[in-house]
Structure formats: structure tokens, C-alpha cells
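# Overview (structure and organization)
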Amino acid sequence: MRVTMIGGGYVGLVSGACFASIGADVTIVETDPARIGALRKGMLPIYEAGLDDLVAENLAAGRLRFTDSIQAVAGANIVFLAVGTPASRGDGHADLSYLFDAAEQVAPCLTGPTVLVTKSTVPVGTGRRLGALMAERRPDLCICVAANPEFLREGNAIEDFLHPDRIIIGTSSEAARSALAALYEPLTHTGGPLINTQVETAELIKYAANAFLALKISFINEIADLCEKLDANVDDTVIGLGLDRRIGPRFLQPGPGFGGSCFPKDTQALVRIAQDAGAPARLVETVVAVNDARKAAMAGRVITAFGGSVRGRRITILGLTFKPGTDDVRESPAITIIHRLVEEGAIVSAYDPMGINHARFQLPSRTRLCESAGAALEGADAVVIVTEWTEFRALSIAELRANMRGRLIIDLRNILDAETFRAAGFNYRGIGRPSSVCEAQEEPYMPLRARAAQ
Ligand code: UDX
């Protein structure tokens with residue numbers, strides 16, 4: 001099966017390499033000169049665990065190749081459109097300009113019956129518009145349009161692709177259905193079922209899935225806030241909820257709010273789609289509002305902990321990416337938190353195992369970006385854990401004591417054990433966890449060298 005993937009970004013690269021690994025002959029078209037240059041040198045423009053090996057293996061096997069020429073669609077059985085569909089400036093609608101530009105470039109290069117598939121997340125009705133465009137541009141060819149949304153999580157994308165809960169195919173064309181069934185056949189043995197439906201339904205399933213997951217997160221975040229008022233414990237609440245098979249334990253971890261390149265964009269897009277359709281999605285509108293407010297409120301927790309002012313306070317932020325296992329800082333709560341703390345006069349140091357380079361461009365220049373947690377913690381009055389990287393779970397009392405001058409820990413991911421750190425004299429504050437009465441004694445700040453001389 002000859003597959004051409006238009007777009008060598010996150011979705012295109014992962015999907016193209018995975019299709020090659022299950023036996024397809026894949027050409028990825030990337031027209032961005034910097035990206036195609038890097039790809040040709042075997043350097044991936046994105047980080048995704050295991051992707052470099054998967055790409056190298058399939059390049060070596062001759063099942064995968066990169067090009068900057070759209071001519072690569074000639075002779076392909078299936079052409080996937082995996083270009084960006086970012087939120088357009090201001091109004092939250094998905095910007096489809098890249099998608100339709102790609103379709104316009106693809107049309108004249110097609111040489112035979114082709115299945116044209118949207119892999120990117122696209123508003124409901126896009127597939128139908130693409131079909132009309134292709135019929136107009138190439139009345140001489142049978143070009144069947146389908147929607148095949150991805151459900152890949154950053155950091156788990158290869159696993160999610162090769163072991164899908166389900167494969168959704170939206171099309172009215174029997175030729176498209178059978179071509180895609182043949183392409184995915186190696187996965188339908190091991191993964192979840194392949195579901196055939198209409199194009200519009202497939203496009204909606206993607207938005208509805210992301211919006212529902214975002215809803216679960218915002219729900220548990222509000223329950224966590226309620227726990228704090230009632231001196232209840234969100235950890236046990238999550239267990240009590242998650243054991244209900246109708247609810248399930250996943251996506252019920254409270255935190256500073258969801259980020260990433262998908263949930264924020266897709267919830268906003270669904271709100272617009274629903275409004276335009278005259279069926280406002282009020283729950284999703286609330287999810288967007290609750291999440292935006294939450295990110296802003298997280299810095300407020302730090303300010304409140306210092307009695308209303310952080311001016312001159314040394315505050316360490318651990319975690320800049322929107323989740324662990326990625327270098328992606330898009331819509332990350334940490335960025336919002338740091339901007340607010342710096343505006344309020346705090347002296348902010350930050351560390352992240354993978355996100356520093358991307359975060360640098362989104363942070364105030366005064367932010368001190370460090371190469372290790374220890375360096376970032378030096379002289380800190382408070383540490384705020386924003387991303388649940390494994391190395392932060394291993395933070396020791398000794399390390400915090402040795403580096404910090406204050407004793408305030410604000411754990412926005414509940415990854416540290418509250419009682420252990422409180423018993424060691426820290427003023428530990430989590431999310432949705434019973435508050436402590438301990439107000440840790442602040443030791444006078446001594447530069448490290450003075451301590452070392454003691
Ligand atoms: C998401 C969807 O999971 C995936 O199916 C879709 O294809 C793309 O969008 P991704 O954005 O990569 O994937 O990450 P995900 O693991 O879903 O986390 C998204 C955000 O929700 C992160 O900021 C994460 O910290 C937050 N989150 C997730 C929580 O706050 N609590 C949770 O329990 C789970």
C-alpha cells in the first residue's frame with residue numbers, strides 16, 4: 001500500500017513512521033526547509049519517545065522516506081493530510097488555511113484513483129468541503145475523501161497508534177473504506193475495533209473525545225478545590241470515583257489545569273462549531289472558562305502563601321512542559337504562573353528536564369533558567385511543582401533543605417507525600433489535600449559557601 005503523508009510535524013511523523021512499521025510504503029512530504037533539512041539528516045523536529053528509532057528502522061528498511069516535493073502523491077493509493085489546524089487568532093475557530101492549501105497543491109499532482117484522508121483534527125463538515133473541492137479540481141479522477149482522526153497522546157504516541165482503543169474511519173466511499181481497512185489490517189488484530197461511519201461523525205468524535213477528557217480534568221480540579229474547603233482528601237475521592245466502572249480512574253488527576261496543543265485548541269473549536277450550528281455546547285464553554293481561570297489562579301496560591309505579596313521572594317518553578325515525557329510547553333500552566341509571579345515582583349528560577357529550550361521564548365527574560373533542580377532551588381523561599389516529572393517525585397528532604405532558604409512547597413500535582421514533608425518541617429501545600437497547620441520555621445538565609453564552612 002503506497003501512502004503519502006502531507007506534513008512532517010507531530011501527527012504526520014508519528015503516523016507515517018507507524019504506518020511504515022506495519023508494512024505500508026510511506027513518503028512524508030515536508031515543505032518547511034528547516035524541517036526537511038533536519039529530517040534528511042535523520043534529526044527529528046519534535047521529541048517523541050521511541051520515534052527516532054522507529055524512523056531510523058523504517059528509513060533503513062526502505063519503507064519510509066522524506067521529500068519536500070508534493071509530486072510524491074503521484075501513484076499513492078492513500079494521501080493523508082496531516083498539516084496543522086491551529087486555533088485561528090482570537091475567535092477559537094480552527095484555521096484550515098494550511099489544510100486547503102495542501103489540498104490545492106495535491107489535486108493537480110494526483111495521477112489515478114486516490115483516497116484523500118484528513119488525519120489532522122478538522123471541524124465537522126471539512127471532509128465534505130474537501131470532496132467538493134477535489135470534484136471541481138479533478139473531475140477526471142475518482143478521489144474519495146475520508147476522515148481518520150488520531151487519538152495520540154504526546155509521550156505515548158507510538159503506543160497509542162499501534163495499540164489503539166479504536167480506529168475511526170469516516171467516509172461514504174466503499175473504495176476508501178476498503179483501502180483504509182487494508183492499511184490498518186495489521187492493527188485490527190491486536191488493537192481495538194475499526195469503526196466505519198460518516199465523515200461528519202468521524203470529525204465530531206475527535207472533538208467530542210478531547211472535550212470529554214478535558215471535562216473530566218476540569219471536573220476533578222473543581223472537586224479538588226471543594227476538598228480544600230471541606231478538609232476532604234481528593235486522593236481518596238479519586239479512588240472512590242474511579243472504582244466505578246462507569247467513571248474509571250483515568251484523567252481524574254487534579255492539577256494546575258490542562259495545557260498542550262490539543263485540549264485548549266479543540267475545546268475552543270468545538271465551542272465555535274456548536275455555536276455556529278445553533279446548539280451551544282455550554283458544558284464545553286464552561287470547561288474552557290474553568291481551565292483558563294485555574295491556570296491564572298495557580299500563581300494566586302503562591303502569592304497567598306506569602307501573605308499577599310511575593311515581591312523580592314525567590315520562587316523556584318519545577319516543570320515547564322504541559323506534561324512530562326515531552327519538550328512541549330504549548331499552553332503550559334507553568335508559563336502563565338511564571339508571568340504572573342514575575343509581574344508581582346518575584347525572583348523566579350525554573351528548571352525542566354526537556355522544556356527549557358522551548359520555554360525560553362515564552363518566558364520573561366528575567367526568569368533564571370537552570371540546568372538542574374538543585375541549581376533552581378538554591379536560595380529559594382518556595383518551590384512550586386507544576387509538571388509531574390519523575391525526577392521531581394524523587395526530591396529528597398535533604399536536597400530541599402540543603403538548597404532552599406524557605407520551607408514552602410506548593411505541589412500542584414500532588415506528587416510528594418504531604419505528611420513526610422510536613423513532619424520534616426516543610427510548609428507543604430498540595431491540591432485538594434487537607435491543609436496543614438504547620439507553618440514551617442524559616443531559617444535565616446546563608447549563602448551555600450557559608451553553610452559549607454560550618
Ligand atoms: C490529548 C489527548 O489525550 C489525545 O487523545 C489527543 O489525540 C491529543 O490531546 P495530549 O494533549 O498529548 O493528548 O496529553 P494528555 O495526556 O491528554 O494531557 C493533556 C493535559 O491534561 C496535560 O496538560 C495534562 O497535564 C492534563 N491532565 C491529564 C490532567 O491535568 N489530569 C489528568 O488526569 C490527565
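Residues numbered from 1 in each chain as written. Predicted model: local features only at pLDDT ≥ 70, side-chain atom pairs only at ≥ 80, totals over all residues. Heavy atoms only, no water.

## Some words on the site of the ligand
Rules: Only a single heavy atom is needed: when it lies within 4 Å of a molecule or strand, its residue is near that molecule or strand. Polar contacts here mean pairs of N or O atoms no more than 3.5 Å apart (in protein, one a potential hydrogen donor and the other a potential acceptor; neighbouring residues in sequence count only if both atoms are side-chain atoms). The protein chains shown are the only cover counted for residues, whose accessible areas, like all others here, come from Shrake-Rupley with a 1.4 Å probe. Numbering of helices and strands runs from the N terminus, with a helix taken as a DSSP run of H or I at least four residues long and a strand as a DSSP run of E at least two residues long. Annotation comment: domain bounds sourced from an automatic or database domain assignment.
Close to the ligand lie 18 residues, the nearest being E154, K206, Q253, F322 and K323. Contact distances for the ligand include 2.9 Å between an oxygen atom and a backbone N or O atom of L152. In this structure, L252 approaches the ligand through a main-chain N or O atom, which is 3.3 Å from an oxygen atom. Against a free-state accessible area of 660 Å², the protein chains account for coverage of 92% of the ligand. In terms of residues, the shell around the ligand owes the most to one element, helix α8 (residues 199-230), which gives three residues. Among the domains, domain 1 (2-197) and domain 2 (233-429) are the pair contributing at least three residues each to the shell around the ligand.

## Considering the pairing of strand β13 (residues 408-411)
Inclusion rule: Remark: exposure states derive from per-residue accessible area (1.4 Å probe, protein chains only) relative to the maximum for the residue type, with buried under 20%, exposed over 50%, and partly exposed in between. We call two strands paired when DSSP finds no fewer than two bridges between them. Handedness of a crossover is defined as follows: orient the strands so they point away from the viewer, and if the path from the first strand over the helix to the second runs clockwise, the crossover is right-handed.
With burial as the criterion, each face of β13 is covered, one bearing L408 and I410 and the other bearing I409 and D411. Pairing analysis gives four bridges linking strand β12 (residues 382-385) to β13, with the strands arranged parallel. Note that in β13 the partner of I385 across the bridge is D411. As paired elements, β13 and strand β14 (residues 427-429) share three bridges and run parallel to each other. Residue pairing for β14: I409 is matched across the bridge by Y428. Considered for its hand, the β-α-β crossover made up of β13, helix α17 (residues 418-423) and β14 is right-handed.

## Here we look at the sheet that holds β13
Just so we agree on the cut-off: Any pair of residues with heavy atoms lying within 4.5 Å of one another is described as a contacting pair. Simply put, an axis is a line fit to the C-alpha atoms, just over the touching stretch for a helix, and the angle between two N-to-C directions goes from 0 to 180 degrees.
With parallel pairing, the six strands of this open sheet are ordered in space as β11-β10-β9-β12-β13-β14. Only two strands of the sheet have a single partner each, and these edge strands are β11 (368-369) and β14. Strand contacts of helix α11 (residues 282-305): β9 (314-318), β12, β13 and β14, with the helix running at about 160° to β13, the strand carrying the most contacts. Lying on the sheet, helix α12 (residues 333-343) is in contact with β9 and β10 (347-351); it crosses β9 at an angle near 175°.

## A few points about the pattern of salt bridges
Definition in use: Basic side-chain nitrogens of Lys or Arg form a salt bridge, by our definition, when they fall within 4 Å of a carboxyl oxygen of Asp or Glu.
For the coordinates displayed, the defined rule picks out 23 salt bridges. As a salt-bridge pair, R330 and E154 come within 3.6 Å of each other at their nearest N and O atoms. A residue pair is termed long-range when its members are at least 10 positions apart, and R330 in the loop between β9 and α12 and E154 in the loop between β6 (143-147) and α6 (157-162) qualify at 176 residues. Judged by its relative accessible area of 42%, R330 is partly exposed. The exposure class assigned to E154 is buried, which follows from its relative accessible area of 8%.

## A word on the packing of α8 against α11
Test applied: Here is the rule for angles: anything less than 35 degrees is roughly parallel, anything more than 145 is roughly antiparallel, 65 through 115 is roughly perpendicular, and the remaining ranges are oblique. Helix crossings are classified by the rotation of the near helix relative to the far one: an anticlockwise turn of less than a right angle makes the crossing left-handed, while a clockwise turn makes it right-handed. Any residue that is not Ala, Val, Leu, Ile, Met, Phe, Trp, Tyr, Cys, Pro, Asp, Glu, Lys or Arg is counted as polar, Gly included; the first ten are nonpolar and the last four charged.
At a minimum axis distance of 10 Å, the contact between α8 and α11 shows a crossing angle of 45°. Put simply, α8 runs oblique to α11. The chirality of how α8 crosses α11 is left-handed. Only V284, V287, V290, N291, R294 and R301 of α11 make contact with α8, whose side of the interface consists of A211, A214, L215, S218, N221, E222, D225 and E228. Counted by class, the contact of α8 with α11 contains six nonpolar, three polar and five charged residues.

## A word on the packing of helix α10 (residues 263-276) against α11
Packing of α10 against α11 brings their axes to within 9 Å, and their N-to-C directions diverge by 145°. Handedness of the α10/α11 crossing: left-handed. Residues T267, Q268, L270, V271 and Q275 of α10 form the contact with α11, whose own contacting residues are V284, E285 and V288. Here the residues of the contact of α10 with α11 are counted per class, giving four nonpolar, three polar and one charged.

## What to know about the packing of aromatic side chains
Cut-off, in case you're wondering: A pair of aromatic rings is counted whenever rings of Phe, Tyr or Trp (Trp by its six-membered ring) have centres within 6.5 Å, and the orientation is called stacked for planes under 30 degrees apart, edge-to-face for over 60 and tilted otherwise. A ring is considered to have a charge above it if a Lys NZ or an Arg CZ atom is located within 6 Å of its centre and within 35 degrees of its normal.
Inspection of every chain in the model, using the stated rule, returns eight aromatic pairs. With a centroid separation of 5.8 Å and 90° between ring planes, the pair formed by F258 and F263 is classed as edge-to-face. The ring of F151 has R166 sitting right over it, with the charged end atom 3.6 Å from the ring centre.

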